[in-house]
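# Descriptive analysis of the structure
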Amino acid sequence: MKYQGCLLAVRDISASKNFYEDVLHQNAVMDIGGHVAFEGFSLQQGYADIVGIAADCVKEQSHNFQVYFEVEDLDQAYAELKHLPSLQWVHEIREYPWGQRDIRVYDPDKHIVEIAEDMTTVIKRFFAQGMSSEEVAKRTMYPVEFVKQYAL
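Residues numbered from 1 in each chain as written. Predicted model: local features only at pLDDT ≥ 70, side-chain atom pairs only at ≥ 80, totals over all residues. Heavy atoms only, no water.

One open sheet accounts for four strands, arranged 5-8-7-6; its pairing is mixed. Two strands close off the open sheet at either side, each with one partner strand: strand 5 (66–71) and strand 6 (89–95). Neighbour-to-neighbour, the strand axes of the sheet open up by a mean angle of 15°, direction not taken into account. Looking at chain direction, strand 5 and strand 8 (residues 112–117) are connected through six bridges and run parallel. When the sheet's bridge partners are listed, Gln66 is paired in strand 8 with Ile112. (Pairing = 2+ DSSP bridges. Helix = DSSP H or I, 4+ residues; strand = E, 2+ residues; numbered from the N terminus. Axes fitted to C-alpha atoms, helices over the stretch in contact; angles between N-to-C directions.)

Spelled out as structure tokens, the structure:
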């Protein structure tokens, strides 16, 4: 068995496709109308009909699933998103105990989308702040051997 990605049930395939392409800079690898595939995930309009369930069984804003993206420059991504007046935020920039920062927004169907710094960016930031390899490893919870490869 080979994992092929997740599928998001959407109401308006065009609005959702535009969000993932224009806002999150994803490229569709296949578009057959009611189904659009990106690298690692797909969008499906009419999901309830395909599965054979009642339309009201497809929950909106369930808060039990998210789509996850990483960026090298979170501040730049945040600045781009702040210019979109219709964007609904779950939260703005937040830093976690392991040092990674992220933001979360809703897509047009209220799926949570997380955009986070990749951990190599976090590790490099800690080294730039003067932390030792051991301190960076402890803070990020990554092995010292892994962390050392990013030492300045």
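After that view of the structure, there is still more to cover.
Here we take up the side chain of Asp109. Mapped onto the elements, Asp109 comes out in the loop between strand 7 (101–106) and strand 8. A polar atom in the side chain of Asp109 sits 2.8 Å from the side chain of Ser16. Not counting chain neighbours up to four residues away, the residues in contact with Asp109 comprise Ala9, Val10, Arg11, Ser16, Glu60 and Gln61. (Polar contact = N/O pair within 3.5 Å; in protein donor to acceptor, adjacent residues only side chain to side chain. Contact = heavy atoms within 4.5 Å.)

Note: most residues except glycine have negative phi, and most peptide bonds are trans. Non-glycine residue His63 carries a positive phi angle of around 60°. Position of His63 among the secondary structure elements: in the loop between helix 2 (47–51) and strand 5. The class of His63 is partly exposed, set by a relative accessible area of 45%. Despite not being glycine, Met141 has its phi angle at roughly 70°, a positive value. Take Met141: it is sitting in the loop between helix 5 (133–140) and helix 6 (144–148). By relative accessible area, which is 63% here, Met141 ends up exposed. (Buried < 20%, exposed > 50% of the residue type's maximum accessible area, 1.4 Å probe, protein only.)

Here the structure, examined in full by the defined rule, presents ten salt bridges. Linking Arg104 and Asp102 is a salt bridge whose minimum nitrogen-to-oxygen distance equals 3.0 Å. The buried category is assigned to Arg104, whose relative accessible area is 16%. Residue Glu117 pairs with Arg125 through a salt bridge whose shortest N-O separation is 2.7 Å. Residue classification places Glu117 among the buried positions, given a relative accessible area of 3%. Ionic contacts of the salt-bridge type, sharing partners, join the residues Asp75, Arg101, Glu117 and Arg125 into one network. (Salt bridge = Lys/Arg side-chain N within 4 Å of Asp/Glu carboxyl O.)

To describe a pair of aromatic rings, one takes the distance between the centres and the angle between the planes. Counted under the stated rule, the structure contains nine aromatic pairs. For the ring pair Tyr96 and Trp98, a centre distance of 5.0 Å and an interplane angle of 10° mean the geometry is stacked. Classification of Trp98 by relative accessible area gives partly exposed; the value is 28%. One aromatic cluster is present, formed by Phe19, Tyr20, Phe38, Phe41 and Phe69 through successive ring pairs. (Phe/Tyr/Trp six-rings, centres within 6.5 Å; stacked < 30°, edge-to-face > 60°.)

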